[in-house]
Amino acid sequence: YRVKHSELSGLMYVGESGSEGGVRQRVGLGLSAGVNESDRHTGDKHGAARPLRQITEIAGGNMEVSVTTPPISSNRRHRRAIEATLVAVCRREIGWTPMVQLNREPTKHVSDHSSGLHQELTNIAERSSYTVPSWQPWRDVTAPNWLGLDWTDTRPLSERDTIDSNGVHAFRLWQRDQTGDRWSQAIQEMGTTGSISSRLFNLQNEYGDDVRFSVVALDGLSTDTQRQSRELSDVRHDLIGAHYLVAGIPPKAQF
């Protein structure tokens, strides 16, 4: 499901539900109740309810929701991959993450409630999002410049000690396909880490010496721990979303 504001551009939130009560309980009862203040106790159980309500309190307008239930969404891994893909596509198309995604609270940073409020909220959403990659190329998930990022040369995990381990990194891991003469278009695992040496060591123990990997250093991250955590989630959404669009499946070890 996706939430938009009647007057603000872009999306406010993207979510999924696999609970017994389904989207009716998650959105129709939990989220709607919190946004409309009909039952704050129930509504605030949904993490997006309070920041969405705060936006309407200062900016007016209404929150609107639409839902979809593709057959594959009954599969938890696919459902979560679809959610990540929708966030990634939203970021690609409008330049920032849905406004209250990952417990973001843009109204806390508003300085002027009287003029230019809608533009200020948009600016806050853009500043709180990690830089959107170029997505060129995006169809070759093992390319050295996938999504416009500067990935290291591909090498086996047995050579993990040859990379510079300083900083925060994104990584991707894959195996040769059955033909043995090209690389598979399905990633085994991808993610982000502040300790690439330790992560690659653990991956080598799990997958063996011959599995291939490459990494990219992530620049411009916030020094604030909470904000950086959200930025790293933005990166993971971009990677998982692009992969899902290409391969039609989430990375094999994801979710």
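Everything here concerns the structure above.
These numbers were taken from a predicted model, which means no experiment stands behind them.

A.B. asks: An account of the packing of aromatic side chains is requested, with residue identities and associated values reported.
C.D. replies: All chains considered together, the criterion is met by three aromatic pairs. Note on W135 and W138: the rings are 6.0 Å apart at their centroids and 55° apart in plane angle, and the pair reads as tilted. Each member of the pair, W135 as well as W138, carries the same accessibility label: buried. Sitting above the plane of the W151 ring, R172 keeps its charged end 4.2 Å from the centroid.

A.B. asks: Can you explain helix α4 (residues 76-94)? Please cite residues and give values.
C.D. replies: Helix length check: α4 (19 residues) gives 27 Å between terminal C-alpha atoms against 27 Å at 1.5 Å per residue, within 8%. At its buried positions, α4 is contacted by β2 (13-14) and α7 (225-247). If you check the start of α4, you find a side-chain oxygen 3.0 Å away from the backbone N of R77, and it comes from N75. Backbone geometry just downstream of α4 places G95 in the positive-phi region, at approximately 95°.

A.B. asks: Could you give an account of the side chain of Q188, naming the residues involved and the relevant values?
C.D. replies: Mapped onto the elements, Q188 comes out in the loop between β5 (169-174) and β6 (189-193). Overall, Q188 belongs to the buried group, its relative accessible area being 13%. Apart from residues lying up to four places away in sequence, Q188 is in contact with L173, W174, Q175, Y207, P251, K252 and A253.

A.B. asks: Any chance you could break down the sheet that holds β5 for me, citing the residues and the numbers?
C.D. replies: Strand order in the open sheet formed by four strands is β4-β7-β5-β6, and the pairing between neighbours is antiparallel. Two strands bound the open sheet, and with one partner strand each, they are β4 (155-156) and β6. Strands β5, β6 and β7 (212-217) of the sheet are contacted by helix α6 (residues 196-207), whose axis makes an angle of about 155° with β6. The strands touched by α7 are β5 and β6; relative to β6, the strand with the most contacts, the crossing angle is about 165°.

A.B. asks: Break down the pairing of β6 for me, with residues and values.
C.D. replies: Within β6, five of the five residues are buried, leaving the element largely enclosed by the surrounding structure. Residues E189, G191 and T193 line one face of β6 and the alternating positions M190 and T192 line the opposite face, and both faces are buried. Both β5 and β6 contribute to a ladder of five bridges, which runs antiparallel. Across the sheet, F171 pairs through a bridge with G191, a residue of β6.

A.B. asks: Before we move on, could you go through the pattern of salt bridges and cite the residues and values that matter?
C.D. replies: Counted according to the given criterion, the structure contains 12 salt bridges. A salt bridge links R91 to D234, with the shortest nitrogen-to-oxygen separation between them at 3.7 Å. Of this pair, R91 sits in helix α4 while D234 sits in helix α7, and the two are 143 residues apart along the sequence. Considered together, R91 and D234 belong to a single accessibility category, that of buried residues. As a salt-bridge pair, K108 and E105 come within 3.3 Å of each other at their nearest N and O atoms. Assessed through its relative accessible area of 59%, K108 is described here as exposed. E105 sits in the buried class, given a relative accessible area of 15%. Connected through salt bridges with shared partners, the residues R91, R104, D234 and D238 form a single ionic network.

Reading the values: rules and limits
Residues numbered from 1 in each chain as written. Predicted model: local features only at pLDDT ≥ 70, side-chain atom pairs only at ≥ 80, totals over all residues. Heavy atoms only, no water. Phe/Tyr/Trp six-rings, centres within 6.5 Å; stacked < 30°, edge-to-face > 60°. Buried < 20%, exposed > 50% of the residue type's maximum accessible area, 1.4 Å probe, protein only. Lys NZ or Arg CZ within 6 Å of the ring centre and 35° of its normal. Helix = DSSP H or I, 4+ residues; strand = E, 2+ residues; numbered from the N terminus. Expected span 1.5 Å × (residues − 1). Contact = heavy atoms within 4.5 Å. Polar contact = N/O pair within 3.5 Å; in protein donor to acceptor, adjacent residues only side chain to side chain. Pairing = 2+ DSSP bridges. Axes fitted to C-alpha atoms, helices over the stretch in contact; angles between N-to-C directions. Salt bridge = Lys/Arg side-chain N within 4 Å of Asp/Glu carboxyl O.

Take it as geometry only, folks, not as evidence of what the structure does.
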